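Secondary and tertiary structure notes
Below, each chain spelled out in residue letters.
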Amino acid sequence: MKHPLTMPAFEFTQGDSPLLISMPHSGLALTAEVEAGLSAQAKKLPDTDWFIPELYDFFSSLDVSCVKANYSRYVIDLNRPYDDKPLYTTKTTGLFPDILFEDSPVFDQGKAPNDKHKAFCKDEIWKPYHTIIEQELARLKAKFGYAILFDAHSIAAQVPMLFDGTLPDFNWGTNQGASCHENIANAVTQVVQPYYTQVVNGRFKGGYITRQYGQPDNNIHAIQLELSQATYLNENILKDHRYELDLQKLPVIKDQLKNIITSILQISL
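Heads up: these notes are all about the structure in this document.

The rules we used
- Residues numbered from 1 in each chain as written.
- Predicted model: local features only at pLDDT ≥ 70, side-chain atom pairs only at ≥ 80, totals over all residues.
- Heavy atoms only, no water.
- Helix = DSSP H or I, 4+ residues; strand = E, 2+ residues; numbered from the N terminus.
- Contact = heavy atoms within 4.5 Å.
- Pairing = 2+ DSSP bridges.
- Axes fitted to C-alpha atoms, helices over the stretch in contact; angles between N-to-C directions.
- Core = buried A, V, L, I, M, F, W, Y, C linked by side-chain atoms within 4.5 Å.
- Buried < 20%, exposed > 50% of the residue type's maximum accessible area, 1.4 Å probe, protein only.
- 1 Å grid on protein atoms, 1.4 Å probe; cavity = no way out; pocket = protein on both sides within 12 Å on 5 of 7 lines; lining within 4 Å.
- Points joined across faces, edges and corners; volume = space filled by probe spheres on them.
- Nonpolar A, V, L, I, M, F, W, Y, C, P; charged D, E, K, R; others polar.
- Expected span 1.5 Å × (residues − 1).
- Arc of directions from axis to C-beta.
- Phe/Tyr/Trp six-rings, centres within 6.5 Å; stacked < 30°, edge-to-face > 60°.
- Lys NZ or Arg CZ within 6 Å of the ring centre and 35° of its normal.

1. A look at unusual backbone geometry
- The phi angle at asparagine 175 is positive, at roughly 50 degrees, despite the residue not being glycine.
- Relative to the elements of secondary structure, asparagine 175 occurs in the loop between β5 (170-173) and α4 (182-191).
- With a phi close to 55 degrees, histidine 241 is a non-glycine residue in the positive phi region.
- With respect to the helices and strands, the residue histidine 241 is situated in the loop between β7 (220-228) and α6 (250-265).

So this is what it looks like as structure tokens:
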């Protein structure tokens, strides 16, 4: 018997430009099996890409397509391959995360979902999400001659398990230049305001989505942005695992992100 989902795997809005924005880690929904087993720390959903849909809520005004995951990455990580082969040689989390970025368990001992539940999530959440990406990119390419995928993420400024020190504000990933035409990386980096810091292919070079769908030779391009949460969250309460938008930072970062997306739409490929 299938485990019922309380909502669709994703929300999709179709636009009329060559660009598709993907938000695989912003979901907050949990299945009953996952929720029942989460550790006290994991119940706060600390590794969520918090408020990404709110940061990009201008996308429809630019006629950009968008697919947004509804389920938490603790249910299944949509930016990992179906076969769960490791993407990184350094410590990381997989298709079904068992550790938090703070290096503590996702699930209480003996309470992780079973293999039947994992297979269900692969079929009912992972596959539909990736199917809509494939279909939309194919549609955009057929209509415009090329398609661009913008994989939108965010991450805490400091995650000692994953990297030393503090991340730049904007962390671009193009799989070392293999996932998109250089014009795209040039365009986005050139419009980032100088009061923000940025790096291309630093600690984050692009996850599964960027690597899988970025095929410049096939006129499909992909770029990932890991945005530091220091650019938009209220840092005074972050230490308590409380996640709120900083209303002073918010209009500044939204204006910056809109300029970035606009710069991509102005590229000729």
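2. Digging into the environment of leucine 62
- Within the secondary structure, leucine 62 sits in the loop between α2 (52-55) and β3 (65-69).
- C-alpha of leucine 62 to C-alpha of alanine 156: the two residues are 94 residues apart in sequence and 28 Å apart in space.
- Those residues in contact with leucine 62 that lie beyond four places of it in its chain are Ser17, Lys258, Ile261, Thr262 and Leu265.

3. A few points about the sheet that holds β5
- The strand order β1-β3-β2-β4-β7-β5-β6 describes an open sheet built from seven strands, whose pairing is mixed. Two strands lie at the open edges of the sheet, namely β1 (10-13) and β6 (198-200), each paired on one side alone. Taking the axes of each pair of neighbouring strands and ignoring which way they run, one obtains an average angle of 15 degrees across the sheet.
- Bridge count between strand β4 (residues 147-155) and β7: nine bridges; the pairing is parallel.

4. Considering the nonpolar core
- Ranked by size, the top nonpolar core spans 72 residues in total, and within it Ile21, Tyr56, Phe150, Phe170, Leu257 and Ile261 carry the most contacts.
- If you tally residues by element for this core, the top one is helix α3 (residues 115-144), at nine residues.
- Setting aside chain neighbours within four positions, we find isoleucine 21 in contact with Tyr56, Phe59, Val64, Ser65, Cys66, Val67, Phe150, Ala152 and Ile261.
- The next biggest cluster of nonpolar side chains, apart from the first, holds nine residues, and it includes Val159, Leu162, Phe163 and Phe204.

5. Description of the layout of surface pockets
- Computed from the structure, the largest pocket encloses a volume of approximately 490 Å³.
- Ala156, Ala157, Gln158, Gln229 and Leu238 are the residues nearest the centre of the largest pocket, which is lined by 21 residues in total.
- Partitioned by chemical class, the residues of the lining of the largest pocket number eleven nonpolar, five polar and five charged.

6. Thoughts on α6
- In this model α6 runs 23 Å from its N-terminal to its C-terminal C-alpha over 16 residues, within 8% of the 22 Å that 1.5 Å per residue would give.
- Where α6 is concerned, the buried positions are Leu250, Ile253, Gln256, Leu257, Ile260, Ile261, Ser263 and Ile264. The buried residues of α6 occupy an angular sector of 160 degrees when the element is viewed end-on, so they sit on one face.
- Tucked into the core, α6 has its buried residues touching β2 (19-23), α2, β4, β5, α4 and β7.

7. Topic: the packing of aromatic side chains
- Applying the stated criterion to the full structure yields twelve aromatic pairs.
- Here the aromatic residues Tyr56, Phe58, Phe150, Phe170, Trp172, Tyr195 and Tyr196 are joined through ring pairs into a cluster of three or more.
- If you follow lysine 122 out to its NZ or CZ, it ends over the ring of tyrosine 82, 4.1 Å from the centre.

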